[in-house]
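This is what each chain is made of:
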Amino acid sequence: MSKREQGMHKDILDRMIEIRRHLHRHPELSNEEVKTQAYLKQALEKEGLAGVREVAGYGLAVDIIGQAQPSNRKVAIRADIDALPILEESGVDFSSLNPGVMHACGHDAHAAMVFATAAHLHRSRDTFGGTVRIIFQPAEEAEPLGGRRVVEAGLLDDIDGAIGIHVDPYTEAGKIAVGSGPYTLACDIFDATVTGSSAHAAKPSEGVDAIATAAAMVSEIQKIVAREIDPYDPLVISVTGFEGGGAYNVIADKVRLKGTIRSGNETTRAKAWKRLREILNGVAQSHQAKVELDIKRGEPPVVNDKELTRIVSDSAAEKFGPENVLNAPGWTAADDFGFYSEKRPSVYFRLGIRNEAMDAVYPLHHPKFRVDEAALPVGAVTLAAAATRFLATDPT
């Protein structure tokens, strides 16, 4: 047994890789995870887990009750299971069979690791007390967000803490990265419709150019971050869509913009919303155009609980050595695990999967994204060890 396996049965780890590759071949978009849900439910039940229930639309949950001693202590372990609308270019032998849909964010790996964790804890339930609630959550990538629905369904109401994991292509394969405090940013989405008036392209003065107006908006939006926010206060505003125009010889009368607002705290979040609205309205007025702006509130930031962070760090260090555990800052990505950390003490840690020798170097959401599967046992073992350590911790 290798150092990375650390007591987890080989057949479980082999099954973990099999599950990961099956999910990678058959990815499903957010709120469409019908086959993924059925496949994972069958896998859990085949492992002997009873009481697997469907939750949050296309998700699953199952409780594993420890038998070592009576305990009311409970911890949740979450995996997200949805894929992205990306045409895969990774070149792996088990590439997506669903054209235009790809597990480019590693959710297939998350689900596989959490399956392995569940199987291991089920087999070893006579070694711990308390309850581990395994949650396979749909729709992390798109509204309606699964994390919000998990909380609304009451799955965390009786939970003492929650643990989430995410693969990290910037960190060396097999290393654990974690830190306490704010760990991801909140993420809101916005849609803006700019309306001008059409004219012949040879006589633009007879119309109001929606493209020119929208282009000015994109430029001015960037100044919110660059000139109005403290550089140490995280805020990222990205315009990710610009659609308008038609014929070569017609001034466009309508343009649609879309994008995201990512912030580290509620004060900055509120300021970004306010200034975005003011700037778009001001630019529209100066161009004699009109604008309609819709902002949808998304996930809150993930905030890592100090004690749970220590538990993950200590568990990984005990299993794999302190040299493989990094006290790492958070990242600017968003994750709807923020709904969990908003509800209960939580920790969200990262598993390094970067391996230049196998070209596992591409960022999340990239069509060539790859995972070094040799790192996955580290994630599964750390999840199991952290959960049982948490259950054994005296809450007083």
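Scroll up to find the structure this text is about.
None of these values were measured; they are calculated from a predicted model.

Chemist: Teacher, can you tell me more about the packing of helix 1 (residues 10–25) against helix 3 (residues 107–123) here?
Modeler: Relative placement of two packed helices is described by the angle separating their axes and the distance separating the axes. At a minimum axis distance of 8 Å, the contact between helix 1 and helix 3 shows a crossing angle of 150°. Overall, the two elements helix 1 and helix 3 adopt an arrangement that is roughly antiparallel. Note that helix 1 runs across helix 3; the crossing there is right-handed. In this structure, helix 1 contributes Asp11, Ile12, Arg15, Met16, Ile19, Arg20, Leu23 and His24 to the contact, and helix 3 contributes Asp108, Ala109, Ala111, Ala112, Met113, Phe115, Ala116, Ala119, His120 and Arg123. Across the contact of helix 1 with helix 3, the residue classes break down as 11 nonpolar, 2 polar and 5 charged.

Chemist: So what exactly am I meant to see when it comes to the pairing of strand 8 (residues 186–195) here?
Modeler: On a regular strand, each side chain points to the face opposite its neighbour's, so the side chains alternate between the two faces of the sheet. In this sheet, strand 12 (residues 254–263) lies alongside strand 8 in antiparallel orientation, the contact comprising 10 bridges. Note on strand 12: the bridge partner recorded for valine 194 is valine 255. Note: strand 8 against strand 13 (residues 290–299), 8 bridges, orientation antiparallel. Residue pairing in the sheet places phenylalanine 190 in a bridge with isoleucine 295 of strand 13.

Chemist: I'm lost on the sheet that holds strand 6 (residues 176–178) in this one. Help?
Modeler: Pairing in this open sheet of 8 strands is mixed, and the strands run 1-2-4-3-5-16-6-15 from one edge to the other. In this open sheet, the two edge strands, each paired with only one partner strand, are strand 1 (53–55) and strand 15 (325–327). This sheet shows a mean twist of 30° between the axes of neighbouring strands, independent of strand direction. Pairing geometry for strand 6 and strand 16 (residues 346–354), over 2 bridges, is antiparallel. For isoleucine 176, the partnering residue across the bridge sits in strand 16 and is leucine 351. Along the sheet, helix 3 makes contact with strand 2 (59–65), strand 3 (74–80), strand 4 (131–137), strand 5 (161–172) and strand 16, crossing strand 3 at roughly 145°.

Chemist: I keep staring at the side chain of serine 124 and nothing clicks. Help me out?
Modeler: For serine 124, the position within the fold is in the loop between helix 3 and strand 4. Among the polar contacts listed, one links the side chain of serine 124 to the backbone oxygen of histidine 120, at a separation of 2.7 Å.

Chemist: What's the story with helix 2 (residues 34–46) in this structure? I'm lost.
Modeler: Since there are 3.6 residues in each turn of an α-helix, residues three or four apart along the chain are aligned in direction. If you check helix 2, its first and last C-alpha atoms are 18 Å apart, about what 13 residues at 1.5 Å a residue would give, namely 18 Å. Three or more residues of helix 2 are buried, namely Thr36, Gln37, Tyr39, Leu40, Ala43 and Leu44. In a view along the axis of helix 2, the buried residues occupy a sector of 165°, so they form one face of it. Turned more than 90 degrees away from the buried face of helix 2 sit Lys35, Gln42 and Lys46, all of them exposed. Tucked into the core, helix 2 has its buried residues touching helix 1, strand 1, strand 2, helix 3 and strand 4.

Chemist: Would you take a moment to explain the nonpolar core for this structure?
Modeler: The tendency in soluble globular proteins is for nonpolar side chains to be buried as a group. In terms of nonpolar packing, the biggest core is built from 87 residues, with Met16, Leu40, Val132, Ile134, Phe136, Ile163 and Leu351 touching the most fellow members. Beyond its immediate stretch of four places on either side in the chain, isoleucine 163 contacts Val75, Ala76, Ile77, Arg78, Leu308, Phe337, Val347, Phe349, Leu383, Ala386 and Ala387. Among the nonpolar cores identified, the runner-up in size contains 25 residues, and Leu257, Leu280, Ala289 and Leu293 belong to it.

Chemist: Help me understand the sheet that holds strand 10 (residues 235–244) in this model?
Modeler: The strands making up a sheet associate through hydrogen bonds between their backbones, and the pairing can be parallel or antiparallel. With respect to topology, 4 strands assemble into an open sheet ordered 10-12-8-13, the strand pairing being antiparallel. Since the sheet does not close on itself, it has two edges, and those belong to strand 10 and strand 13, each with one partner. The average angle at which neighbouring strand axes cross in this sheet is 15°, direction not considered. Along the sheet face, helix 6 (residues 266–286) touches strand 8, strand 10, strand 12 and strand 13 and points at about 165° away from the line of strand 13.

Analysis parameters
Residues numbered from 1 in each chain as written. Predicted model: local features only at pLDDT ≥ 70, side-chain atom pairs only at ≥ 80, totals over all residues. Heavy atoms only, no water. Axes fitted to C-alpha atoms, helices over the stretch in contact; angles between N-to-C directions. Helix = DSSP H or I, 4+ residues; strand = E, 2+ residues; numbered from the N terminus. Parallel < 35°, antiparallel > 145°, perpendicular 65-115°, else oblique. Left-handed = near helix turned anticlockwise from the far one by under 90°. Contact = heavy atoms within 4.5 Å. Nonpolar A, V, L, I, M, F, W, Y, C, P; charged D, E, K, R; others polar. Pairing = 2+ DSSP bridges. Polar contact = N/O pair within 3.5 Å; in protein donor to acceptor, adjacent residues only side chain to side chain. Expected span 1.5 Å × (residues − 1). Buried < 20%, exposed > 50% of the residue type's maximum accessible area, 1.4 Å probe, protein only. Arc of directions from axis to C-beta. Core = buried A, V, L, I, M, F, W, Y, C linked by side-chain atoms within 4.5 Å.

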